[in-house]
Amino acid sequence: MAPPQPPTGPGDLEFGGPLGTAAMLLLLPATLFHLLLTCHSGACSLVSLPPELPPAAAFWSPGALLLLLLWLGLQAALYLLPMGKVSQGMMLRDKSHLQYPINGFRCLGLTALLVGLGLAGGLPLGSLSELLLPLASAATAIAFILSLLLYLKSFTVPPSALAPGGNSGNVIYDFFLGRELNPRFGFFDLKYFCELRPGMIGWALINLAMLLREAERRGGWPSLSMGLVNAFQLLYVVDALWNEEAVLTTMDIIHDGFGFMLAFGDLAWVPFVYSLQAQYLLNHPQSLELPVAGAICLLFAIGYFIFRGANTQKNTFRRDPSDPSVAGLETIPTATGRRLLVSGWWGMVRHPNYLGDLIMALAWSLPCGVTHLLPYFYVVYFTILLVHREDRDERQCLQKYGLAWREYCARVPYRIVPYVY
């Protein structure tokens, strides 16, 4: 058994410590609802409240809660189906490895089949566009309740099962970050399940609902703008689930506990904020000329090429450094026995995958035009998120690899954007 992990010291606290995380517990849900209300208002201004707020009853519906619970139940049932391979996670502090089902892409396919059968049978999926407020309220409530249960559960596990950063002893801070690293019930891993399944697939489903509602309003076919947003973001979701195994080496899985930050992000923020472009287009239609659409498609293709190329190179190198596709790349040895890539995509900037991510985010916002800032909220937010994540990764890598990481930073001075940052 691994030795007990010492509580996180005050100097190690992130996100502004207890005060900052307390503020985020309030500001994140408030921002979510402000964005939803703004997106559906005529003025669509991010800096002011909509002229007419809906009644309080519009924020809650037992039917919406039931619908969300059914959705979570469906995705949980698909997760448990014995299909696809089972992969081993990274080594834990007690030298054990958890097992994870790699069946997310199959779950997406089965979900698409069920939705298709429902649409053929008359399922009014487009009406989902009128339920976003109560669905977001239900998702927020579930995230709070789940986080509380996870916080209480964390006191029943051994110290070796706690997350590196969520064991400060402060209730608010630990509730936000999550004390337990991998909360499980048997084979069912709650954090891994929430990471890509209900929220990411839900994002694609909300987008489809917006497209169908717009097609109804237009008398048959959706706009080119709506079609591009749906296509770009669906490809992003499909890519994430096709490459699901790669999530096992991400910071979310190997470092962060499962608390409110990830629970709210996975269950509420991703499906309802990431779908803002489609929501915006439903309420503020935009015409798009074919040459402009072609240029936007080219920009997205460039972003995806960088994103997928960088991630594939990294994941291939982690699995098998002798693979012919990466064997010729230059590396730096570390004291841990691992090597750092210093050529290829990872010799261009330290996080080329983030660069591709940001280019794609810009590309799927551009079909919304340039008259309002709201469709670009995702780009601004994602830039802040990735810069912060890069800073966290920088500190962890420096602690882990020491002089080798300093050499890597000297060889690759730019973090995300070449010659800029």
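Residues numbered from 1 in each chain as written. Predicted model: local features only at pLDDT ≥ 70, side-chain atom pairs only at ≥ 80, totals over all residues. Heavy atoms only, no water.

Examining the side chain of S225
Residue placement: S225 occurs in helix α8 (residues 224-242). For S225, a relative accessible area of 0% corresponds to the buried category. At 3.2 Å, the side chain of S225 and the backbone oxygen of P367 are in polar contact. If we skip the residues at most four places from it in the chain, S225 touches L281, Q286, S287, L288 and P367. (Helix = DSSP H or I, 4+ residues; strand = E, 2+ residues; numbered from the N terminus. Buried < 20%, exposed > 50% of the residue type's maximum accessible area, 1.4 Å probe, protein only. Polar contact = N/O pair within 3.5 Å; in protein donor to acceptor, adjacent residues only side chain to side chain. Contact = heavy atoms within 4.5 Å.)

Structural notes on the UniProt feature "transmembrane region" (unreviewed entry) in the protein chain
The feature "transmembrane region" (unreviewed entry), as given by UniProt, occupies residues 15-37, 57-81, 102-125, 131-152, 220-238, 258-276, 288-307 and 358-387 in the numbering adopted here. Between the first and last C-alpha atoms of residues 102-125 the distance is 28 Å; the span itself is 71% helix and 4% strand. Annotated as residues 258-276, this span is 79% helix and 0% strand, and its ends, taken at the C-alpha atoms, are 25 Å apart. (UniProt positions renumbered as here; feature names shortened; annotations may be inferred.)

So, the nonpolar core
If you look at the biggest cluster of nonpolar residues, it comprises 122 residues, and the most contacted ones within it are L32, F272 and Y274. The contact partners of Y274, leaving out residues within four places of it in the chain, are W203, Q233, W269, Y378, Y381 and F382. (Core = buried A, V, L, I, M, F, W, Y, C linked by side-chain atoms within 4.5 Å.)

Details of the packing of aromatic side chains
Inspection of the entire model under this criterion finds 34 aromatic pairs. Taking the centre distance of 6.2 Å and the plane angle of 15° together, the rings of F175 and F260 count as stacked. With F175 in helix α5 (residues 171-177) and F260 in helix α10 (residues 260-273), the pair connects residues that are 85 residues apart, well separated along the chain. Across the pair, exposure class does not vary: F175 and F260 are buried alike. Looking at R179, its charged tip hangs above the ring of F155, at a distance of 4.1 Å from the centre. (Phe/Tyr/Trp six-rings, centres within 6.5 Å; stacked < 30°, edge-to-face > 60°. Lys NZ or Arg CZ within 6 Å of the ring centre and 35° of its normal.)

Looking at the pattern of salt bridges
Under the counting rule described, the total for this entry stands at 16 salt bridges. Note that D189 is salt-bridged to R184, the shortest N-O span being 2.8 Å. You'll find D189 and R184 in the same group, each marked buried. When the shortest N-O distance is used, the salt bridge between R350 and E394 registers 2.9 Å. Placement of the pair is R350 in the loop between β6 (339-341) and α13 (352-365) and E394 in helix α14 (residues 377-401), with a sequence separation of 44 residues. We note that R350, like E394, is buried. Through salt bridges with shared partners, a single network forms among E14, D256, D391, R392 and R395. (Salt bridge = Lys/Arg side-chain N within 4 Å of Asp/Glu carboxyl O.)

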